[in-house]
Amino acid sequence: MKLLHQLPPYNLFGIEDQDFDSAKVVAIPVPYDSTTSYKSGSRDGPHAIIEASRNIELYDEEYKREITDIGIYTTDEMQPSVNSPEETINWLEKECSLVIEAGKIPVIIGGEHSLAIANIRAIAKHSNDFSVIHFDAHSDYRDEYMGSRYSHACIMARAKEACKSCYSVGVRSIDAESAKKYSDDILYMKDMRDLSAKEIASMISKRTKKNIYITIDMDVLDNGEMPSVGTPEPNGIRFAELDAILKNLLMEKRLVGADFCELAPIPGLIAPNFLAAKLIFRALGHAFFQKKR
Ligand SMILES: [Mn+2]
């Protein structure tokens, strides 16, 4: 029964009567943070993002469209395995594959960043004609961390195995070995300071294919705007700048999948949760409402 006066349904952006068949995007929330190395709590990220997203306006004043026009379907929250991180990733990879086989774009709402591996693997199995664009304060190129190859500190090492073309943006924390090996595939924060969003987007664009997978660790953002992360690294990128980079990038590229990870909500502090929800809103708007160049 539908109430006469009811709150928006519990899904991304609180979309009424969401419909899988007509959806272009399928969001999978995964409350999982088993391998988090410093401060845990990103398992509460999906709930906080969905809660906040039910309270933002559906209308995008820039594109003069409602986000519902895209067709977004949110699944129930995926249950992580308590057996091993690898099993959680395998389970999620299967879910993402089902989304791809249905002809839709899988978007993971994290949860810790290692979840990205599942989505990247699923997409790579269907086609390897894409690049991974990775926004993160950390390089995440360690082969193994704290005994696991599926740690959130290893996601780019795993991503690189599935997809040869990877490019990281906003990095300001890296170990010596990774720096030696992977610096060609990294746009460091220190080198972005004097560039405009347009220039940054064009640098990324030149290094990547037409089809792109976007993985966003919330800690790429500056701690002032985004304090709700497990491993905060100072001197990050501003929301407005990231928004503009994504806009310019998605003017040219085609989005094949995405994840938004590592929001670890701080009780009582809701602004970062809204920021994360709005970032997803903007990213999807840029991907679907822009005239492609
Ligand atoms: Mn990070």
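Residues numbered from 1 in each chain as written. Predicted model: local features only at pLDDT ≥ 70, side-chain atom pairs only at ≥ 80, totals over all residues. Heavy atoms only, no water.

S.K.: Could you give an account of the coordination of the manganese ion, with specific residues and numbers?
M.R.: Distances from the manganese ion to its protein donors, Asp-136 (OD), His-138 (ND1), Asp-217 (OD), Asp-219 (OD) and Asp-219 (OD), fall at 2.2 to 2.7 Å. Sequence spacing of the donor residues for the manganese ion, all on one chain, is D-x1-H-x78-D-x1-D. Here the residue His-138 occupies a position in the loop between strand E6 (131-135) and helix H4 (155-162), and Asp-217 occupies one in strand E9 (residues 211-217), the gap between them amounting to 79 residues. (Donors = N, O, S within 2.8 Å, 3.2 Å for Na, K, Ca; no water. Helix = DSSP H or I, 4+ residues; strand = E, 2+ residues; numbered from the N terminus.)

S.K.: Quick rundown of the packing of helix H3 (residues 115-126) against H4? Include the residues and the values.
M.R.: Taken N-terminus to C-terminus, the directions of H3 and H4 make an angle of 5 degrees; their axes are 9 Å apart at the nearest point. It follows that H3 is roughly parallel to H4 by the angle criterion. Here Ala-116, Ile-117, Ile-120, Arg-121 and Ala-124 of H3 come into contact with H4, specifically with Ile-155, Arg-158, Ala-159, Glu-161 and Ala-162. Residues of the contact of H3 with H4, tallied by class, amount to seven nonpolar, no polar and three charged. (Axes fitted to C-alpha atoms, helices over the stretch in contact; angles between N-to-C directions. Parallel < 35°, antiparallel > 145°, perpendicular 65-115°, else oblique. Contact = heavy atoms within 4.5 Å. Nonpolar A, V, L, I, M, F, W, Y, C, P; charged D, E, K, R; others polar.)

S.K.: Could you give an account of the layout of surface pockets, with specific residues and numbers?
M.R.: What the largest pocket holds in volume is close to 290 Å³. The wall of the largest pocket is formed by 17 residues, among which His-138, Asp-140, Arg-142, Ala-153 and Ser-173 lie closest to the centre. Looking at the lining of the largest pocket residue by residue, the class counts come to four nonpolar, seven polar and six charged. A volume near 220 Å³ is recorded for the second largest pocket. Taken together, the elements giving at least two residues each to the lining of the second largest pocket come down to strand E5 (105-110), H3 and strand E10 (254-261). For the lining of the second largest pocket, the leading source of residues is E10, giving three residues. (1 Å grid on protein atoms, 1.4 Å probe; cavity = no way out; pocket = protein on both sides within 12 Å on 5 of 7 lines; lining within 4 Å. Points joined across faces, edges and corners; volume = space filled by probe spheres on them.)

S.K.: Please give an account of helix H6 (residues 197-206) that cites residues and values.
M.R.: Three or more residues of H6 are buried, namely Ala-197, Ile-200, Ala-201, Ile-204 and Ser-205. End-on view of H6: buried residues confined to an arc of 135 degrees, all on one side of the axis. Those residues of H6 that are exposed and aimed more than 90 degrees away from the buried face are Lys-198 and Lys-206. Tucked into the core, H6 has its buried residues touching E6, strand E7 (166-171), strand E8 (186-188) and helix H7 (239-252). (Buried < 20%, exposed > 50% of the residue type's maximum accessible area, 1.4 Å probe, protein only. Arc of directions from axis to C-beta.)

S.K.: Could you give an account of the sheet that holds E10, naming the residues involved and the relevant values?
M.R.: Pairing in this open sheet of eight strands is parallel, and the strands run E4-E1-E5-E10-E9-E6-E7-E8 from one edge to the other. For this open sheet the edge positions go to strand E4 (72-74) and E8, each flanked by a neighbour on one side alone. Taking each pair of neighbouring strands and ignoring which way they run, the sheet shows an average axis angle of 15 degrees. Two elements, E6 and E9, share five bridges in a ladder whose sense is parallel. Across the sheet, Val-132 pairs through a bridge with Tyr-213, a residue of E9. Contacts from H3 reach strand E1 (25-30), E5, E6, E9 and E10 within the one sheet, and its direction differs from that of E5 by about 170 degrees. (Pairing = 2+ DSSP bridges.)

S.K.: A description of the packing of H6 against H7 should follow, citing residues and the corresponding values.
M.R.: With their axes 8 Å apart at the nearest point, H6 and H7 run at an angle of 45 degrees to one another. It follows from the interaxial angle that H6 and H7 lie oblique. In this structure, H6 crosses over H7, and the sense of that crossing is right-handed. Two secondary-structure elements touch here, H6 through Ala-197, Lys-198, Ile-200, Ala-201, Ile-204 and Ser-205 and H7 through Glu-241, Ala-244, Ile-245, Asn-248, Leu-249 and Glu-252. The class makeup of the residues in the contact of H6 with H7 is seven nonpolar, two polar and three charged. (Left-handed = near helix turned anticlockwise from the far one by under 90°.)

S.K.: Explain the pattern of salt bridges to me, using residue names and the numbers behind them.
M.R.: Taken as a whole, this structure holds 18 salt bridges when the rule is applied. Lys-247 serves as the salt-bridge partner of Glu-62, at 2.6 Å between the closest nitrogen and oxygen. In this pair, Glu-62 is assigned in the loop between strand E2 (59-60) and strand E3 (65-66) and Lys-247 in helix H7, connecting sequence segments 185 residues apart. Using a relative accessible area of 32% as the deciding quantity, one classes Glu-62 as partly exposed. The class for Lys-247 is partly exposed, based on a relative accessible area of 26%. Notably, a salt bridge pairs Arg-149 with Asp-143, separated by 3.4 Å at the nearest N-O pair. The class of Asp-143 is partly exposed, set by a relative accessible area of 43%. (Salt bridge = Lys/Arg side-chain N within 4 Å of Asp/Glu carboxyl O.)

S.K.: Quick rundown of the packing of aromatic side chains? Include the residues and the values.
M.R.: Per the stated rule, a full pass over the model turns up four aromatic pairs. On the basis of an interplanar angle of 85 degrees and a centroid distance of 5.3 Å, the ring pair of Phe-20 and Tyr-73 is categorised as edge-to-face. Of the two residues, Phe-20 sits in the segment before E1 while Tyr-73 sits in strand E4, which places them 53 residues apart along the sequence. Here the guanidinium or amino end of Lys-104 rests over the ring plane of Phe-20, the centre of that ring lying 5.1 Å away. (Phe/Tyr/Trp six-rings, centres within 6.5 Å; stacked < 30°, edge-to-face > 60°. Lys NZ or Arg CZ within 6 Å of the ring centre and 35° of its normal.)

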